[in-house]
Amino acid sequence: MNSKINEIKKLESPPKIIKNIFSKDEIKKFLELYKKLPTTVHNKKQNVIKKRWLHGYDKDLEQIFCDRLKNEIGEFKMDNLKDDDGKDILGLIQESYAPIGLHVDGGFEINNKIYKQSLIPLSSVGSTVIFKNRYYGGSTSFTQDPEELNKKNLSYGQNKRSDIHLKMYGEKKFDEKIHKKYLNHEKIDNLKGLEVELIYEWEVGSMLIFDRTHLHCSSSVIEGKKIGIATFTKK
Ligand SMILES: [Fe+2]
């Protein structure tokens, strides 16, 4: 577990949706940026394309994003993986055709004072489910799948796999209605003890900000593909 857990807890606050924080023109620029950036991962099996938001492709947009975020969360540092040259990146842009499972984005430096993460939708159909439950042990995908749990040789930037969540939040069965409507890509048993804090319905121009200690996943509601930008901060 993170040794700065008490300091991290002091920084925690409810998730926040900021509507109309980006104009149509700015969203267009994000999409142009996405097109220009080189592909980092194209996982054909999961049908997902990941790109790192590298510095220098659109400096104005970098400034706009950092200013707006600072306006909402105050001072922060980016907490991102380095690129191949050791330079900071601003975030990850992901284009996916299938929902992402339960996880936490606590980072890869175990003792960082992790802070908020943001999500900017660039496509309109989609939602993200934020659970009340929190985890203080770094970036982890929570699963019961034995094959997944056996994956130990993870490369830089890959989440650990764990089923520890099943022992952490109690035995209460997850809400069946919510499961059916939003989370049918997850086995309901894998959501045992979890409670929903917020379901963020994607709306282009808005941004979601939430604590990096929240368990979350995408909902199963996808029409074709969805594209979103995730960024991660620390103090
Ligand atoms: Fe995430």
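Data block above holds the structure.
Note that residues are indexed from 1 along each chain, following the sequence as it is written. Reporting in this predicted model follows two pLDDT cut-offs: at least 70 for local features of residues, and 80 or more for side-chain atom pairs to be given and counted; totals over whole chains, interfaces and linings ignore these cut-offs and use all residues.

### Side note on the overall build of the protein chain
A tally of regular secondary structure across the protein chain gives five helices and 14 strands. Taken over the C-alpha trace, the protein chain has a radius of gyration of 17 Å; the compact-globule value for 235 residues is 18 Å, and the two agree within 12%. Residue burial is a threshold on neighbouring C-beta atoms within 10 Å of the residue's own C-beta, all placed from the backbone, with 20 or more meaning buried, 12 or fewer meaning exposed, and counts in between meaning partly exposed. Within the protein chain, the proportion of its 235 residues that are buried is 30%. Taking the intrachain contacts of the protein chain between residues at least 6 apart in sequence as the baseline, contacts between residues at least 24 apart amount to 80%. Helix numbers and strand numbers start at the N terminus; a helix is a DSSP run of H or I with at least 4 residues, a strand a run of E with at least 2. Here the globule rule reads 2.2 Å times residues to the power 0.38, and the radius of gyration is calculated from C-alpha atoms. Contact criterion: two residues are in contact if their C-beta atoms, reconstructed from the backbone, are within 7 Å.

### Overview of the pairing of strand E8 (residues 127-134)
Pairing between strands is defined by DSSP: at least two bridges between the two strands are required. Pairing analysis gives five bridges linking E8 to strand E11 (residues 196-201), with the strands arranged antiparallel. Looking at the pairing, Val129 lines up with Ile199 of E11. Direction of pairing for E8 relative to strand E13 (residues 214-218): antiparallel, over a ladder of four bridges. Following the sheet pairing, Val129 is matched in E13 by Cys217.

### What about helix H3 (residues 59-73)?
For a helix, the expected span equals 1.5 Å multiplied by the residue count minus one. Taking 1.5 Å per residue, 15 residues should reach 21 Å; H3 reaches 21 Å between its end C-alpha atoms and fits that length. Positioned one or two residues after H3, Gly74 has a phi angle of 80°, which is positive.

These values are about where atoms sit, not about what they do.
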